[in-house]
Amino acid sequence: MFKKWILKLIYIVLAVGLVAICVNMFLAPHNIAAGGITGLAVILESLLNFNRSLVVLISTAVILVVTLIFLDKETFFNTVIGALLLPLFIGIVPNITLVYDPMLSMAAGSVIFGIAVSILYANKASSGGTAIPPLIFKKYWNLNTSVGLFITDGVIVLLSLIIFSVDAFFYAVFSILITSATMAYIESGVNKKKKVYIISDKNMQIAQEIMHDIQKGVTILPIIGGHSGKERKMLMVTLDLKKYRQLLTIVNRHDKEAFMITDTVSDVHGQGFTYESGTV
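Now for a look at the structure at hand. (Residues numbered from 1 in each chain as written. Predicted model: local features only at pLDDT ≥ 70, side-chain atom pairs only at ≥ 80, totals over all residues. Heavy atoms only, no water.)

**Some words on the packing of helix α1 (residues 2-27) against helix α4 (residues 73-92)**
Interaxial distance between α1 and α4 falls to 9 Å at its minimum, and their mutual angle equals 40°. With respect to each other, α1 and α4 are oriented oblique. With respect to the hand of their crossing, α1 and α4 are arranged in right-handed fashion. Between α1 and α4, the residues in contact are W5, K8, L9, I12, V13, V16, G17, V19, A20, V23 and N24 and E74, N78, I81, G82, L85, L86, F89 and I90, respectively. (Axes fitted to C-alpha atoms, helices over the stretch in contact; angles between N-to-C directions. Helix = DSSP H or I, 4+ residues; strand = E, 2+ residues; numbered from the N terminus. Parallel < 35°, antiparallel > 145°, perpendicular 65-115°, else oblique. Left-handed = near helix turned anticlockwise from the far one by under 90°. Contact = heavy atoms within 4.5 Å.)

**Here's the deal with the packing of aromatic side chains**
Summed over the entire model, instances satisfying the criterion amount to 5 aromatic pairs. Considering the side-chain rings of F137 and W141, the 5.9 Å spacing of their centres and the 55° angle between planes classify their relative orientation as tilted. Of this pair, F137 and W141 both sit in helix α6 (residues 132-141), 4 residues apart, roughly one helical turn. Residue class for F137 comes out partly exposed when judged on its relative accessible area of 23%. Judged by relative accessible area, which is 63%, W141 ranks as exposed. Ring geometry for Y140 against W141: centres 6.3 Å apart, planes inclined by 55°, an arrangement best described as tilted. Each member of the aromatic cluster is reached from another via a ring pair, and the members are F70, F137, Y140 and W141. The positively charged end of K194 is found above the aromatic ring belonging to Y244, 5.4 Å away from the centroid. (Phe/Tyr/Trp six-rings, centres within 6.5 Å; stacked < 30°, edge-to-face > 60°. Buried < 20%, exposed > 50% of the residue type's maximum accessible area, 1.4 Å probe, protein only. Lys NZ or Arg CZ within 6 Å of the ring centre and 35° of its normal.)

**Here's the deal with the pattern of salt bridges**
Taken as a whole, this structure holds 3 salt bridges when the rule is applied. Taking the shortest distance from any N to any O, the salt bridge between K193 and D240 comes out at 2.4 Å. Separated by 47 residues along the polypeptide, K193 in strand β1 (residues 193-199) and D240 in strand β3 (residues 231-240) bring together distant segments of the chain. The shortest N-O distance in the salt bridge between D201 and R232 comes to 2.9 Å. (Salt bridge = Lys/Arg side-chain N within 4 Å of Asp/Glu carboxyl O.)

Right, here's the structure in full:
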């Protein structure tokens, strides 16, 4: 249990560090207020010369109260860690321009930000700020966190239109879109699998070789041909993308005329994927 908590803490520290790097080295140097408390801090720093890390600290304190009211205690305590670390990291990470082209800097920073927030969400944590409302939307209205973040950050981006140039406003809009797309891909795209249906006269031979060589379970489904009315068997197997070509080789070896349907699925949980097991 202690080891698991330490690992979660490492992930939170890493993610918050990435957020600070994104703000101080990629977005703020080009006046890109891409939502979030950090975006608000960039706006207030430019408008009123407020200290960036101080704005983050005060705003996050308010958000923590909201977290305690609407979310569970685990999320609150994990958020406390991120909320305390973010102002610290914002203060110590150098304010330098790594990429001088605004578009490229915005794109790179937005991808980094999306990765960081996804790591925090995966550990039921956040860096505070506008990362909290999407969790509330998810809990009470089952709204995807990437969509929730897009909505909440949109308000702050509108403020940047008043304070900064039109160019900075559109950079901020594109930043939110890239961040949301990155998060959506991480949430539903990094664990893609292939689900394959196979109809062949050599079903049993194919199934045995799949289970032996690929070491994935095979489900045998009874089917009835719509045209012939004959009962047949169909194989269903779900496997990693890298093993799909191996599956094709096995099927072609036994029956080159086998009928196959292949779907790409976003996520798979259960036997053989999220924990070890034998065949099904």
